Amino acid sequence: RRKGSDPKYTYVIDIDLTRQAARNLGLAPQSGKMEILDDNKLKGQDDDIANNAEDSQAKPRIVIVGAGPAGLFCALSLASSGLCTPILLERGQPVETRGKSIGALIHRRCVDPESNFSFGEGGAGTWSDGKL
């Protein structure tokens, strides 16, 4: 970043859509390719994307990035409050699947960039004994 310039951010969001919602957005299956949507395509499509359209209309949706201790507690607190619909995004695998990835890393030195000590449900502390 150059001094005095605004930071630039890149986001990668992986979502599952029904075939109808994808058609409504004008998306075609493109394995391994990124689809960039402009705002005009997204207008009016919220109901197709949301799992529960009635709740999404009545309550604001809050996106929480990361299922580490803070993200899980934040999602639990927001869901318990009933004031909003939390959406929890996690790059890595669930704990059960993540255990296999960690075992492969420790024993075979095989690194899965999407599921390792840093990424996955529970965050980095899941596989830590608490010592630094």
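Further up the page is the structure itself.
Residues numbered from 1 in each chain as written. Predicted model: local features only at pLDDT ≥ 70, side-chain atom pairs only at ≥ 80, totals over all residues. Heavy atoms only, no water.

Draft legend 1. Main features of the overall build of the chain. A tally of regular secondary structure across the chain gives six helices and two strands. Listed N to C, the secondary structure of the chain is α-α-α-α-β-α-β-α in terms of helices and strands. Split into buried and exposed, the 132 residues of the chain put 18% on the buried side. Within the chain, counting contacts between residues at least 6 apart in sequence, those at least 24 apart form 41% of the total. Taken as a whole, the chain presents about 10600 Å² of accessible surface, with 54% of it coming from carbon and sulfur. (Helix = DSSP H or I, 4+ residues; strand = E, 2+ residues; numbered from the N terminus. Buried < 20%, exposed > 50% of the residue type's maximum accessible area, 1.4 Å probe, protein only. Contact = heavy atoms within 4.5 Å. Areas by Shrake-Rupley, 256 points an atom, 1.4 Å probe, with all protein chains shown as cover.)

Draft legend 2. Focus on the environment of C74. For C74, the position within the fold is in helix α5 (residues 69–81). In the structure, C74 is positioned 10 residues away from I64 in sequence and 7.7 Å away in space, judged by C-alpha atoms.

Draft legend 3. Main features of the pairing of strand β1 (residues 61–65). Relative to strand β2 (residues 85–89), β1 runs parallel, the two sharing five bridges. Counted as the bridge partner of I62 is P86 from β2. Viewed along the sheet, the connection from β1 through α5 into β2 turns out right-handed. (Pairing = 2+ DSSP bridges. Right-handed = clockwise from strand over helix to strand, strands pointing away.)

Draft legend 4. Spatial organisation of unusual backbone geometry. The backbone of R109 shows a phi angle near 60°, a positive value even though the residue is not glycine. For R109, the location among the structural elements is in the segment after α6 (95–108).

Draft legend 5. Region of interest: the side chain of S101. Note that S101 resides in helix α6. With relative accessibility at 12%, the residue S101 sits in the buried group. Dropping the residues within four chain positions of it, S101 is found in contact with C110, D112 and S115.

Draft legend 6. Molecular detail of the pattern of salt bridges. In the structure shown here, the tally under the stated rule is one salt bridge. Its salt-bridge partner being E114, residue R91 comes within 3.2 Å of it at the nearest N-O pair. In this pair, R91 sits in the loop between β2 and α6 while E114 sits in the segment after α6, placing the two residues 23 residues apart along the sequence. Using a relative accessible area of 44% as the deciding quantity, one classes R91 as partly exposed. For E114, a relative accessible area of 36% corresponds to the partly exposed category. (Salt bridge = Lys/Arg side-chain N within 4 Å of Asp/Glu carboxyl O.)

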